[in-house]
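Coordinate inspection notes
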Amino acid sequence: MDEQQPNSVWTSNSFWKRSAGWVTGFAVVLLMFLTFDTMTQITMGTDQDLKDGITKRVPAATVINYQIGYKMDYSRGHEMPVIGKPELFFGKTWSVKEANQLLNLGKLTEQSKDCMNCHTLLGNGAYYAPDLTKAWLDPMWKKGGVMQLMTHTKTKEEAMAAFLQYPVKYAIHVRKMPNLKITAKEAQGLVALLKQMSSIDTNGFPRGFSRNVQDFKQGVSNAH
Amino acid sequence: MHTNLSVGFKSGSRKLAAKYFTVAIILFGAQLIMGLIAAIQFIDPGFLFGIFDFNISRTIHLNALIVWMLYAMIGSVYYMLPDETGIETVGLKLGTLAFWILTAAVTVVVLVFAFIQIGPGSQMSIWFINEGREYIEAPRWADIGIVVVVLIFYSNVLLTYLKSKQRTGIMAVLVADLFALVGLYLAGMFYTDNISVDQYWWWWVIHLWVEATWEVFVGALAAYALIQIIGANRKIVEMWLWIEVLTLFGSGILGLGHHYFWIGTPEYWWEIGALFSSLEPVPLIAMFVHVLYDWGKKQGYLNGQNAGQAIKSTIKNTPAMSWIVVNAFGNFLGAGIWGFFHTLPQVNIYTHGTQFTAAHGHLAFYGAYATILVGMMYIAIQKYYGLERLVSTTKTKLGIALTTFGVLGMTIALTIAGYEQVLVERAELGGGWQAYFTAQALPWFTQAMDWRLIMGVVTCIGFVYLVIDLMTIGKNANAQAKIKQANI
């Protein structure tokens, strides 16, 4: 039986074997091509790009020296990050070298503390704690907001750094963040990572970020 | 013509396989215990707080899962090599040494995760404590160790294949697939401060493992198992296998795009990811149909031959066959249907990063991988005791029914939790801190978490039956067979 010629190409093992080879090869080649293109698009921008107002999908570390917003873009149909005027970060403007070092420390700390196994970053990770993709833009941290009042700080970055170092002390939910022995410098690095991450063009994820939270907290209803 | 060498358990390859299977089952148990701890922490956040936090229980839950499956996969290959190549496996001494090195390394990694847990923000932590990237948290030294050990395993497989005069389609697929599987691990072994680039390559490991190379591996295992259990025709089985390779790689490789919707990567991944990942269920339907079709055809043929006589089952190993049928269902349902639920970008923008993903993960890992690997263990037990037939016991049935029911229950609970998150946290409140905790506190969510824990306990009870059955079924069947022989 096995040695007989198949009557039809559809039951021919060698036909399917060859087809599998070609289809897999084609998929791999296309993936390689797209990977090269994507890498050129998601390589971190430069400080000069920021100064020239050139939009990069992943801006340079010195983006921490600028205001960041998240606005609806009607031509794209979703929100996208908007890099605004320069602003101080932890009371200073960071040089390219300093900003790179700080972001690097933040990324190393994020991995070393295993943040991703409670939180999601860019939506990936665990689902035990809030998504951090746009945490920098969260209304919880704004001027006069809960976190600044509680931590007795005057800026968003200081409030975040204080919380990261003393998460149990500043806990507001039963499900608390544990004390991860984050140092003051590591906390600054993490905040830099969060700020830079919020400036990444995520194609509109998360959609309508924190839009209705204010209404919700005030018990607003459309009924009348 | 392909001949099956009846080497039984005289083969050193099979003895090595038994070692791998044993550690796999122990790690499977560890995975379930960690899952229970994590599930309790969702309900009572104070549970082990500050001692064994959620990120640690979840890290070990995931890593024990990945590692036990790799162990069972390596075990399965060492088990089937003598049948598929007709010769004894090459390099068994080195292979056995590699097993002990791997097991020692895994033990150290687990102990470090459990007791040292996390480190300061430095390269040292990433090299020696925790890499902090979901699924591949193993520190860099262990990464390198894993690559060395797996290369030893791979060279044994390749050299055995090349030495043998017998060239089966199953072996051709395995040799190519394992090469890709091993190579892909390297994509996860570097550090970058660019989180988009980080996640781009991280998905190369995770996705191209579980949605491409692991699936093809399962296709090859199912093909082998069907030949062994019901005596399916090799030529037909291998034809299906090539069709599966075509459709799995054809959809799965570019289906990678569905992880590139929101991580900073360009918008064209929406179209690429949506199109190809939508095709991913196609091969899973094919695998499902193929298993049932082959089974039905063989049984029908036997029934025809035995007309007028006592009709016997065509299945030589009912526990293994049951697990493989659950695999065919579970792979299609967990990977295919639950994956498709949230694979389109228009849906995924709301479901991404919710319990929806966890629901899919639970049913897919169980349905697509755990089931068939357990099936392989039952095949090994039958051969170990040289039994002509292995028949399900009550424990077999309880094991399979309770674990399957438990995982399905967890999946449904997590799906409901995810649905609530999608609607309340994402659509209604737009994500963010307040939105997240508001949705987590609503009864729809907390009740789902209660059910997840209950179903997790059911899964664990099923696992206990499974382990007892794996340890006793062969011995008992062997004793009965001897009594029968003595009576004749």
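No experiment lies behind these values; they were computed from the predicted model shown.

As a further point, take the overall build of chain B. Scanning chain B from terminus to terminus reveals 16 helices and zero strands. Expected size for 488 residues packed as a compact globule is a radius of gyration near 23 Å; at 23 Å, chain B falls within 12% of this value. The dimensions of chain B, computed from C-alpha atoms along their principal axes, are 75 × 45 × 45 Å. By the burial criterion, 58% of the 488 residues in chain B qualify as buried.

Summing up its helical and strand segments, chain A has seven helices and four strands in all. Reading the helices (α) and strands (β) of chain A from amino to carboxyl end gives α-α-β-β-α-β-β-α-α-α-α. Across its three principal directions, the C-alpha atoms of chain A cover 85 × 50 × 45 Å. Considering chain A as a whole, with its 224 residues, one finds that 47% of them fall into the buried category. Considering only residue pairs separated by 6 or more positions, chain A has 50% of its internal contacts joining residues 24 or more positions apart.

The two faces of the sheet receive side chains in turn, since in a regular strand these alternate between them. Residue and element names in this part refer to chain A. Direction of pairing for strand E1 (residues 66–73) relative to strand E2 (residues 78–86): antiparallel, over a ladder of seven bridges. Note on E2: the bridge partner recorded for Asp73 is His78. Connecting E1 to the antiparallel partner E2 that follows it, the hairpin turn spans four residues, and Gly77 within it adopts a positive phi of roughly 85 degrees.

To continue, consider the interface of chain B and chain A. Opposite the 71 residues of chain B that make contact, chain A presents 74 residues. At the level of elements, helix H2 (54–85), helix H4 (123–128), helix H7 (195–230), helix H8 (234–255), helix H12 (345–351), helix H13 (355–384), helix H14 (394–428) and helix H15 (433–441) of chain B are the ones that each hand at least two residues to the side of chain B that touches chain A. A class-by-class count of the residues in the side of chain B that touches chain A yields 33 nonpolar, 26 polar and twelve charged.

What follows is about the confidence of the model for chain B. Residue and element names in this part refer to chain B. With 97% of its residues at a pLDDT of at least 70, chain B reaches an overall mean of 93. Counted against residues more than four places away or in other chains, residues 1–6, with its pLDDT under 50, gives nine contacts. Confidence estimates for the predicted assembly give a pTM of 0.94 and an ipTM of 0.95.

Each assigned domain of chain A is listed with its residue range as follows: domain 1 (16–40) and domain 2 (46–205). The distance between the C-alpha centroids of domain 1 of chain A and domain 2 of chain A comes to 36 Å.

Residue and element names in this part refer to chain B. On the secondary structure map, Lys298 appears in helix H10 (residues 281–305). Taking the C-beta count within 10 Å as the criterion, Lys298 has 19 such neighbours and is therefore assigned partly exposed. Along the sequence, Lys298 and Thr314 sit 16 residues apart, while their C-alpha atoms lie 6.7 Å from each other. In contact with Lys298, not counting residues within four places along its chain, are Ile230, Gly231, Ala232 and Thr314.

Residues and elements named next belong to chain B. The interhelical angle for the contact between helix H1 (residues 12–43) and H2, taken along N-to-C directions, is 160 degrees, at an axis separation of 7 Å. By the angle between their directions, the pair H1 and H2 is classed as roughly antiparallel. Every pair of crossing elements has a handedness; the one defined by H1 and H2 is left-handed. Of the residues that constitute the contact of H1 with H2, the class distribution is 25 nonpolar, seven polar and two charged.

The subject of this paragraph is unusual backbone geometry. A cis amide bond links Phe205 of chain A to the next residue, Pro206 of chain A, at an omega of -5 degrees. Secondary-structure assignment places Pro206 of chain A in the loop between helix H6 (184–198) and helix H7 (213–217). Phi is positive for Asn203 of chain A, close to 55 degrees, though the residue is something other than glycine. Exposure remark for Asn203 of chain A: the 24 C-beta atoms within 10 Å place this residue in the buried category. A positive phi angle, near 60 degrees, is found at Leu48 of chain B, a position not held by glycine. By secondary structure assignment, the location of Leu48 of chain B is in the loop between H1 and H2.

Let's shift gears to helix H1 (residues 13–42) of chain A. Compared with the 44 Å implied by 1.5 Å per residue over 30 residues, the 42 Å span of H1 of chain A between its first and last C-alpha is a close match. Within H1 of chain A, burial applies to Trp16, Lys17, Ala20, Thr24, Ala27, Thr38 and Ile42 of chain A. Those residues of H1 of chain A that are buried lie in contact with H7 and H8 of chain B.

What follows concerns the packing of helix H11 (residues 318–341) of chain B against H13 of chain B. Residue and element names in this part refer to chain B. Taken N-terminus to C-terminus, the directions of H11 and H13 make an angle of 160 degrees; their axes are 7 Å apart at the nearest point. One finds that H11 runs roughly antiparallel with respect to H13. For the element pair H11 and H13, the recorded crossing hand is left-handed. Looking at side-chain class alone, the contact of H11 with H13 contains 18 nonpolar, nine polar and no charged residues.

Residue placement: Ala225 of chain B occurs in helix H7. For Ala225 of chain B, the residues in contact, after removing those within four places along its chain, are Ala320, Ile324, Gly375, Met376 and Ile379 of chain B.

Moving on, we get to helix H3 (residues 96–112) of chain A. For H3 of chain A, built from 17 residues, the straight-helix expectation of 24 Å at 1.5 Å per residue is met to within 8% by its first-to-last C-alpha distance of 24 Å. The set of residues buried in H3 of chain A consists of Ala99, Leu102, Leu103, Leu105, Gly106, Lys107, Leu108, Thr109, Glu110, Gln111 and Ser112 of chain A. Packed against the buried residues of H3 of chain A are H6 of chain A together with H4 and H7 of chain B.

Its location among the elements puts Trp269 of chain B in helix H9 (residues 268–279). When near neighbours in sequence (up to four residues on either side) are disregarded, Trp269 of chain B contacts Gly257, Tyr260 and Phe261 of chain B.

Conventions we followed
Residue positions within a chain follow its written sequence, with the count starting from 1. Written order decides the labels, with chains lettered from A and ligands numbered from 1. At least 70 in pLDDT is required for a residue's local features to be given in this predicted model, at least 80 for side-chain atom pairs to be given and counted, and no such filter applies to totals for whole chains, interfaces and linings, which use all residues. A run of H or I in DSSP becomes a helix once it reaches four residues, and a run of E becomes a strand once it reaches two; helices and strands are each numbered from the N terminus. Just to be clear, the radius of gyration here is over C-alpha atoms, and the globule rule we use is 2.2 Å times residues to the power 0.38. Think of it as a crowd count around each C-beta: if 20 or more other C-beta atoms lie within 10 Å the residue is buried, if 12 or fewer it is exposed, and in between it is partly exposed, with C-beta placed from the backbone throughout. By the convention adopted here, residues are in contact when the distance between their C-beta atoms, placed from the backbone, does not exceed 7 Å. Paired strands are those between which DSSP finds at least two bridges. Classification convention: Asp, Glu, Lys, Arg as charged; Ala, Val, Leu, Ile, Met, Phe, Trp, Tyr, Cys, Pro as nonpolar; all other residues, Gly among them, as polar. Note on scores: pLDDT gives the predictor's confidence for each residue, bounded by 0 and 100. An automatic or database domain assignment supplies the start and end points of every domain. Think of each axis as a best-fit line through the C-alpha atoms, taken over the contacting stretch in the case of a helix, with angles from 0 to 180 degrees between the N-to-C directions. Small angles under 35 degrees read as roughly parallel and large ones over 145 as roughly antiparallel, with 65 to 115 read as roughly perpendicular and the rest as oblique. Handedness of a crossing follows from how the near helix is turned relative to the far one, being left-handed for an anticlockwise turn of less than a right angle and right-handed for a clockwise one. To estimate the expected span of a helix, subtract one from its residue number and multiply by 1.5 Å.

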